[in-house]
Amino acid sequence: MTTDRRSFLTTLATATAASAFGRDWTGQTPERYPDPDVITLDPAFEKLVQGNAPIRRLHTGMLWAEGPAWNGTGNYLVWSDIPNNAQMRWLPEDGHVSVMRNNANNSNGNTFDLQGRQISFEHGTRRVVRYELDGKITVLADKFDGKPLNAPNDGAVHPDGSIWFTDPGYGSMMDYEGNKGELLLKESVYRIDPSGEITKITEDLEKPNGLCFSPDYKKVYIVDTGSPKNIRVYDVDGKTVKNGKVFAINKASLSDKENVRAKDGKADFSLCKGGSDGIRCDVEGNLWASAGWVGDGFDGVHVFNPDGKLIGFIKLPETASNVCFGGQKRNRLFITASQSLYSVYVNTRGAHHC
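No experiment lies behind these values; they were computed from the predicted model shown.

K.L.:
It is not clear to me how the overall build of the chain should be interpreted in this structure. Could you clarify?
P.N.:
Per the secondary structure count, the chain includes 1 helix and 29 strands. Contacts in the chain between residues at least 24 apart in sequence constitute 47% of all its contacts with a sequence separation of at least 6. Element-wise, carbon and sulfur atoms account for 48% of the exposed surface of the chain, whose accessible area totals about 15100 Å².

K.L.:
When you look at the sheet that holds strand E17 (residues 208–213) in this model, what are you seeing that I'm missing?
P.N.:
Through backbone hydrogen bonds, the strands of a sheet pair up, either in parallel or in antiparallel fashion. Judged by pairing direction, the sheet is antiparallel, and its 4 strands sit side by side in the order E17-E18-E19-E20 without closing on themselves. Here the strands that pair on one side only, and so sit at the sheet edges, are E17 and strand E20 (240–248). Adjacent strand axes in the sheet meet at a mean angle of 25° when their direction is disregarded.

K.L.:
When you look at the confidence of the model for the chain in this model, what are you seeing that I'm missing?
P.N.:
Detailed conclusions should not be drawn from predicted coordinates in areas where pLDDT is low. Mean pLDDT for the chain: 88, with 84% of residues reaching 70 or above. Between residues 253–272, whose pLDDT stays under 50, and residues either more than four places distant or in other chains, the model counts 37 contacts.

K.L.:
In this structure, what is going on with the environment of Asn150? I would like to understand it.
P.N.:
Relative to the elements of secondary structure, Asn150 occurs in the loop between strand E12 (147–148) and strand E13 (155–157). Of the polar contacts made by the side chain of Asn150, one reaches the backbone oxygen of Leu185; its length is 3.3 Å.

Calculation rules
Residues numbered from 1 in each chain as written. Predicted model: local features only at pLDDT ≥ 70, side-chain atom pairs only at ≥ 80, totals over all residues. Heavy atoms only, no water. Helix = DSSP H or I, 4+ residues; strand = E, 2+ residues; numbered from the N terminus. Contact = heavy atoms within 4.5 Å. Areas by Shrake-Rupley, 256 points an atom, 1.4 Å probe, with all protein chains shown as cover. Pairing = 2+ DSSP bridges. Axes fitted to C-alpha atoms, helices over the stretch in contact; angles between N-to-C directions. pLDDT = per-residue confidence, 0-100. Polar contact = N/O pair within 3.5 Å; in protein donor to acceptor, adjacent residues only side chain to side chain.

What follows is the structure in C-alpha cells.
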C-alpha cells in the first residue's frame, strides 16, 4: 500500500523536537523522552514503542555497513563492512567493537542457522558459506545450472533446515580473484535444501534484495531494489512460492516535493528513487524495513503492519541498509546505516532468532 503523504507530513510538522540531523549522536546531550525520531504515523505503532528508549549510535567508521545478525549463544552482534572486506562484532557488556574477520570475501548479509552456525552471503566469491563451529568454512552454494552466482546478498533460514537467499548483481564488480564482474544468471531468489540441492524460487523481481519470513513461515517477504522498488510477499508453498503480489511501496521522500505530486488526493510515487533494503518481521507480523537513498525525512526504518500500511518511522541521519532483532529478549532493533551501527529498544520481539 502507498503512504498518504499529506498525513505523513502533518505528523512530522507537529513534532516539537529537532530532526535526526540536529541531535547529538555522541550521547553527551541526551534526547528528551519519548525519542523525537521514533515517529508514530498510526496509533497501532504506539504499542510497539518503548517510551523511555532512545536511538543510540553504537559505532561509526565503516564504509558501508550491512547484514547485522544476532548470535544468541555468544551474546554478540555481527555485521559486514563490505568495502573494507571485514566482519565486525559488537559486545553488549561494554559496547566493545572489534574486527571478527578481516578477510570476509566482501560478505553482505549474515544470519545464523538453528545450530548457531553463521551463514554469510559473499560478494567477492559469489557464494553462500557456513562457518562451522570448529572454524572451518563450508561452501553451501556458488553455482546454479553450472554458472557462477551473481553476488548473494541476503537470506534467511527456514525451520526445515533450508536457506533461502537473494542473488542480485550488486557486488558482482568486486575486484576479486576469479570474479570477472559479469552476470551470467538472471537475478533471482534461491533455496538451498539440507541435502545441498539448489532450486530457483522466483525470478520475477528485477533486483531481489532483503528477504525474511512471516512469524509462522507461511509467507516470505522480498524487497525489489530494481524497478518499481517495492516489497513483495509470496505464499510459501513447500519448497517454492506462489501468489506473489506487492506488499508495500515506500519510495517517497518526506521532503522531496518535486518527486511526489498529488493525483486525486493520492501520492504519486512514480518518480521517486529511494526504497527499502533489509527487512525483518516482529512476532505480531509487522514488517520493519530499512530505507534510504532519498534524503532527510526518508532515511531510517519504515514499519508496516501485516496489511502493508506504513504505521511508524525511525528517523536516522544516514541511509539505512539492514535491520535485525537481538538482545536477550529479541526486543532490541539493530540497524546498519551507511557508516554506522544504531540500536533502539522496542516494545515487541523479533519473530525469529536473528
